[in-house]
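The primary structure of each chain is shown beneath.
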Amino acid sequence: DFIMIFTEISSEELQQFQKENNHRYYFSQSAEYNIMANNNNLKTEILAVKENNKILAYGIFIYFQYKKYFYKVTAQYGPIMDYSNSELVSFYFNQLKKHYAKNLRVLCVRVNPFVNEKIYNDVEFIEENKEAVKTNRILNDLNYRAMNEDLFTNPTLASRCVFSKPLDENITESNLLKNVSQIARYTINRTMKEGVQVREIDIFNEEDARIFDEINRDTEDRIDFEIRDNTYFKSLKNNIGDKAHYLVSYIDCDQFVEITTNTIANLEKERDDLKEKLEQGKVNAKKATNRLKEFDENIAIWYKKIDKIKELKAENGNVINLSCATFIESGQDLIYFTSGAMRKFHRYEGPYAILFHMMKYAIKNNFKYFNFFGTSKDFHSEDATDYGVLQFKRNFNGNIEYFMDNYEIRNAIGKIWKI
């Protein structure tokens, strides 16, 4: 009979485990995140339970400094384990408590069990998750207390709610547009007609980095919220390599004119062919006349688009950058991590083009979730800080994932102090 042991493991060991097991975890519980945190002088510990040298549970704990001398040790979206295994859950949280009880500089330990507490369909509540009810009981018995706080009140904690779109085998690149809302479908089709393109940039290329930063700063001014700078994005890329993607949506005016000119030429040829057949009496006169009228209207619309684009080019130069975004690959999830858009070119809907591009990437690469990441707990009130952002995410047909609370256990001094 094997015995469970509670032990510290290295980033390398976790990395190997995560490579070999396709289980679900978020970025803050990835080996790469741990390496990055350490490279940025953040103290962390990876605490695991093993049985017969096999990892059954793990959590990355970050030491957040408090006052000068103390720490609040925190796991964001962790620990990770099979929460239906009550024996394992009890063992892990009990050992964790003992592990930190010995350390006088640790005032408290915070955990954020990686299990949905409530099940939702879009933003509608369906049912409580029994595993979460059991886990909550275990944590309470061990004196962990629910904090009823998350990222929206405390930046060191994880956001309790995220919005994600499950990608099952029924969703393919070719039917993806049928699996989003009518608004998203219409908007994505429009971005294609308007010549919006998407490319992945190289954050170490000076020009690319400048474009990325310019869009982020423009966004920051508008939303009054600080977006990370390129130092962070470069560090992220250095640490997680291919798992970080930086995208920009743009319009290349000359290219658009060239493609549109071809489109017009094809339409005009079809129209002239139909005219000829009509004159020769080879087609139904009424139908053909209507069709010719449609051709003329269509051609006129495309000519107008060319005029508009030429104006746009005269004002802004040939390549017009519209929006940018960062994506992180994290196990089963492709996470939509940050985004920005130029206010001036809002009507070209750059973010939709990027999301469509990356959803196809997620499907092609067998991700199980397209993850729009954090959202506040208030899904229904129009006064919620991120109400508009959530409505945008909902256009892609996903669900709220409502995780368990952040729980805290306090050590000796932590119990006395008001921390």
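In case you missed it, the structure is sitting above this.
Residues numbered from 1 in each chain as written. Predicted model: local features only at pLDDT ≥ 70, side-chain atom pairs only at ≥ 80, totals over all residues. Heavy atoms only, no water.

**Topic: the overall build of the protein**
- When helices and strands are tallied, the protein shows 12 helices and 16 strands.
- Evaluated residue by residue, the protein yields a buried proportion of 50% over its 419 residues.
- A separation threshold of at least 6 residues defines the contact pool for the protein, and within that pool the share at least 24 residues apart is 74%.
- With the model as given, the accessible surface of the protein reaches about 21500 Å², and the carbon-plus-sulfur share is 48%.
- With 58 positive and 62 negative side-chain charges, the protein shows a separation of 2 Å between the mean positions of the two kinds. (Helix = DSSP H or I, 4+ residues; strand = E, 2+ residues; numbered from the N terminus. Buried < 20%, exposed > 50% of the residue type's maximum accessible area, 1.4 Å probe, protein only. Contact = heavy atoms within 4.5 Å. Areas by Shrake-Rupley, 256 points an atom, 1.4 Å probe, with all protein chains shown as cover. Lys, Arg positive; Asp, Glu negative; His and termini not counted. Charge placed at Lys NZ, Arg CZ, Asp CG, Glu CD.)

**Looking at the sheet that holds strand E16 (residues 407–410)**
- Taken in spatial order, the seven strands make up an open sheet running E1-E2-E3-E4-E5-E16-E8, and their pairing is mixed. Bordering the open sheet on either side are strand E1 (4–8) and strand E8 (145–146), each of which pairs with just one other strand.
- The pairing of strand E5 (residues 106–111) with E16 spans four bridges and is antiparallel. Paired with valine 111 across the two strands is tyrosine 407, which belongs to E16.
- In this fold helix H1 (residues 11–20) packs onto strand E2 (44–51) and strand E3 (54–66), with an angle of close to 130° to the strand it touches most, E3.
- Together, E2 and E3 form the strand contacts of helix H2 (residues 31–39), whose direction differs from that of E2 by roughly 150°. (Pairing = 2+ DSSP bridges. Axes fitted to C-alpha atoms, helices over the stretch in contact; angles between N-to-C directions.)

**Quick notes on the sheet that holds strand E13 (residues 333–341)**
- Read across the sheet, nine strands follow the order E7-E6-E15-E9-E14-E13-E12-E11-E10 without closing on themselves; strand pairing throughout is mixed. Each end of this open sheet is capped by a strand with a single partner; those strands are strand E7 (124–128) and strand E10 (196–200). Across this sheet, the average inter-strand angle for adjacent strands is 30°, counted without regard to direction.
- Pairing of strand E9 (residues 161–166) with strand E15 (residues 399–403), which is carried by four bridges, proceeds in the antiparallel orientation. The residue bridging valine 162 from the neighbouring strand is glutamate 401, located in E15.
- Where helix H8 (residues 253–279) meets the sheet, its contacts fall on E10, strand E11 (244–252) and strand E12 (319–330), and the angle it forms with E11 comes to roughly 60°.

**Let's talk about the packing of H2 against helix H7 (residues 230–240)**
- Put simply, H2 and H7 touch, their axes get as near as 9 Å, and they point 125° apart. It follows that H2 is oblique to H7 by the angle criterion. The interaxial crossing formed by H2 with H7 has right-handed handedness. Seen from H2, the contacting residues are Glu32, Ile35, Met36 and Asn39; seen from H7, they are Tyr232, Ser235, Leu236, Asn239 and Ile240.
- Split into classes, the residues belonging to the contact of H2 with H7 amount to five nonpolar, three polar and one charged. (Parallel < 35°, antiparallel > 145°, perpendicular 65-115°, else oblique. Left-handed = near helix turned anticlockwise from the far one by under 90°. Nonpolar A, V, L, I, M, F, W, Y, C, P; charged D, E, K, R; others polar.)

**What to know about H2**
- Burial in H2 covers these residues: Ala31, Glu32, Tyr33, Asn34, Met36 and Ala37.
- In this structure, the buried side of H2 is in contact with H1, E2, E3 and H7.
- In the stretch just after H2, asparagine 41 is the one whose phi turns positive, near 60°.

**Description of the pattern of salt bridges**
- Within the structure shown, the criterion is met by 22 salt bridges.
- In this structure, arginine 394 engages aspartate 122 in a salt bridge whose closest nitrogen and oxygen atoms are separated by 2.7 Å. Taken together, the residues arginine 394 in helix H11 (residues 387–394) and aspartate 122 in the loop between strand E6 (116–121) and E7 connect sequence positions 272 residues apart.
- Judged by its relative accessible area of 26%, arginine 394 is partly exposed.
- We note a salt bridge from arginine 217 to aspartate 213, for which the minimum N-O separation is 2.5 Å. (Salt bridge = Lys/Arg side-chain N within 4 Å of Asp/Glu carboxyl O.)

**Looking at the packing of aromatic side chains**
- Considering all chains together, one arrives at 37 aromatic pairs under this definition.
- Between phenylalanine 17 and tyrosine 58, the ring centres sit 6.0 Å apart and the planes meet at 80°, which makes this aromatic pair edge-to-face. On the criterion of sequence distance, the pair formed by phenylalanine 17 in helix H1 and tyrosine 58 in strand E3 is long-range, its members being 41 residues apart. In this pair, the class of phenylalanine 17 matches that of tyrosine 58, namely buried.
- Taken together, Tyr26, Phe27, Tyr33, Tyr77, Phe114, Phe337, Phe373 and Phe403 form an aromatic cluster joined through their ring pairs.
- Positioned above the aromatic ring of tyrosine 369 is the side chain of arginine 24, whose terminal nitrogen or guanidinium carbon lies 3.5 Å from the ring centre.
- Across from the ring centre of tyrosine 232, 4.0 Å away, lies the NZ or CZ of arginine 228, which sits over that ring. (Phe/Tyr/Trp six-rings, centres within 6.5 Å; stacked < 30°, edge-to-face > 60°. Lys NZ or Arg CZ within 6 Å of the ring centre and 35° of its normal.)

**Thoughts on the side chain of glutamate 45**
- Within the secondary structure, glutamate 45 sits in strand E2.
- Although buried, glutamate 45 forms no salt bridge, and the nearest oppositely charged side chain, lysine 43, lies 5.9 Å from it.
- Side chain to side chain, glutamate 45 and histidine 99 meet in a polar contact 3.2 Å long.
- Within the structure, glutamate 45 has its side chain in polar contact with the side chain of tyrosine 100 (distance 2.6 Å).
- When neighbours within four sequence positions are excluded, glutamate 45 is seen to be in contact with Glu8, Gly59, Ile60, Phe61, Tyr63, His99 and Tyr100. (Polar contact = N/O pair within 3.5 Å; in protein donor to acceptor, adjacent residues only side chain to side chain.)

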